[in-house]
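Reading the structure
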Amino acid sequence: PDFYNWNKVKVRYCDGASFSGNVEEEFQEDGTPFFFRGQRIWEAVMSELLSKGLSRAKEAFLTGCSAGGLSTYIHCDDFRALVPKASTVKCLADGGFFLDVEDISGRRYMRGFYNDVARLQDLRKKFTHCSSDMEPGQCIFPREVAKGIHTPMFILNPAYDVWQVEHVLSPEGSDPEHLWQNCRLDITKCDSKQLETLQGFRKELLDALSEFKKKKDWGMFINSCYIHCQSMNSLTWHSPSAPRINNKTIAESVGDWFFNRREVKEIDCEYPCNPTCHNAVLDQPYNE
């Protein structure tokens, strides 16, 4: 309802590192050349948009989902710098708060994956905030990237992110006996120990977010649905069946935050999509 008449541009994701690589040399795989230069894609797209009117925008909103959510964390301040200082510029990352946590086998699968991406695309030079004692993959996680963001940011994330449950918490390589297969595909088939693990994952997310809840002009909407992205689907964004916290849809909460109608820092109940549990505000203790 708040952004219905805005100009909207969708940038296709194709570079494998959330538009942050900038490698001079080509990479060969089975005789096929690859060029990991997502940073140049970002700069080229922004240059064209600036020429088409972005340079005169009075309000601008950078958003992204999943890898696009990570892109939003990475480029939020860059986007702010491109638009006139007098403009209102904010960012929203949807389902992109990937966690650096141990999986069900005790390994940090996602960190290993990010390490491979960082080495392949030489990302250390992009993430200058990283200390020398950190593994290259650690630099890419939103928890680290977000520490340096100055532009107002809205974090939209499910506490039980289905993509992260499948690929971060219980990747197939860490589940050789397929004990998590049914739970991974249908949360109603999780046993009590698996649900306890899922709630531990939720706590890891809340702990990671706690350092950002007091950042000035930031907002967040953390619900307990078993889902991944929510801003690109009208059913979850704003519909009669959309998830609500304090009787507000995601769209209403984001609109309130963007237009400064109220501060929005809210978290939903502990158990996945349980309509009977109570809501709590992040400014209050986490014990619902």
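Here's what I pulled together on the structure shown here. Keep in mind that this is a model prediction, so the values were computed, not measured. (Residues numbered from 1 in each chain as written. Predicted model: local features only at pLDDT ≥ 70, side-chain atom pairs only at ≥ 80, totals over all residues. Heavy atoms only, no water.)

**Examining the packing of helix α5 (residues 162-169) against helix α7 (residues 192-210)**
Packed helices, taken two at a time, are described by their axes: the angle between them and the distance between them. Two numbers describe how α5 lies on α7: the axes approach to 12 Å, and their chain directions differ by 105°. As judged from the angle between their axes, α5 and α7 are roughly perpendicular. Residues Gln164, Val165 and Leu169 of α5 pack against Thr197, Leu198 and Phe201 of α7. Here the contact of α5 with α7 is composed, by residue class, of four nonpolar, two polar and no charged. (Axes fitted to C-alpha atoms, helices over the stretch in contact; angles between N-to-C directions. Helix = DSSP H or I, 4+ residues; strand = E, 2+ residues; numbered from the N terminus. Parallel < 35°, antiparallel > 145°, perpendicular 65-115°, else oblique. Contact = heavy atoms within 4.5 Å. Nonpolar A, V, L, I, M, F, W, Y, C, P; charged D, E, K, R; others polar.)

**Points about the nonpolar core**
It is characteristic of soluble globular proteins that their nonpolar side chains tend to be buried jointly. Tyr73, Phe79, Met153, Leu198 and Ile222 are the most contacted members of the largest nonpolar core, which totals 60 residues. No other element matches the six residues that α7 contributes to this core. Once you skip the residues sitting within four places of it in the chain, Met153 turns out to touch Thr72, Tyr73, Cys76, Cys91, Leu92, Ala93, Asp217, Trp218, Gly219 and Trp257. Counting 14 residues, the second largest nonpolar core, distinct from the first, contains Phe61, Leu92, Trp237 and Ala251. (Core = buried A, V, L, I, M, F, W, Y, C linked by side-chain atoms within 4.5 Å. Buried < 20%, exposed > 50% of the residue type's maximum accessible area, 1.4 Å probe, protein only.)

**Remarks on the pairing of strand β6 (residues 219-227)**
On a regular strand, one side chain projects to one face of the sheet and the next to the other, so that they alternate. Burial runs high along β6: eight of the nine residues are buried. Note that strand β5 (residues 153-161) and β6 share seven bridges and pair parallel. Note on β6: the bridge partner recorded for Asp161 is Ile227. As judged from the three bridges shared by β6 and strand β9 (residues 265-267), these two strands associate in the parallel manner. (Pairing = 2+ DSSP bridges.)

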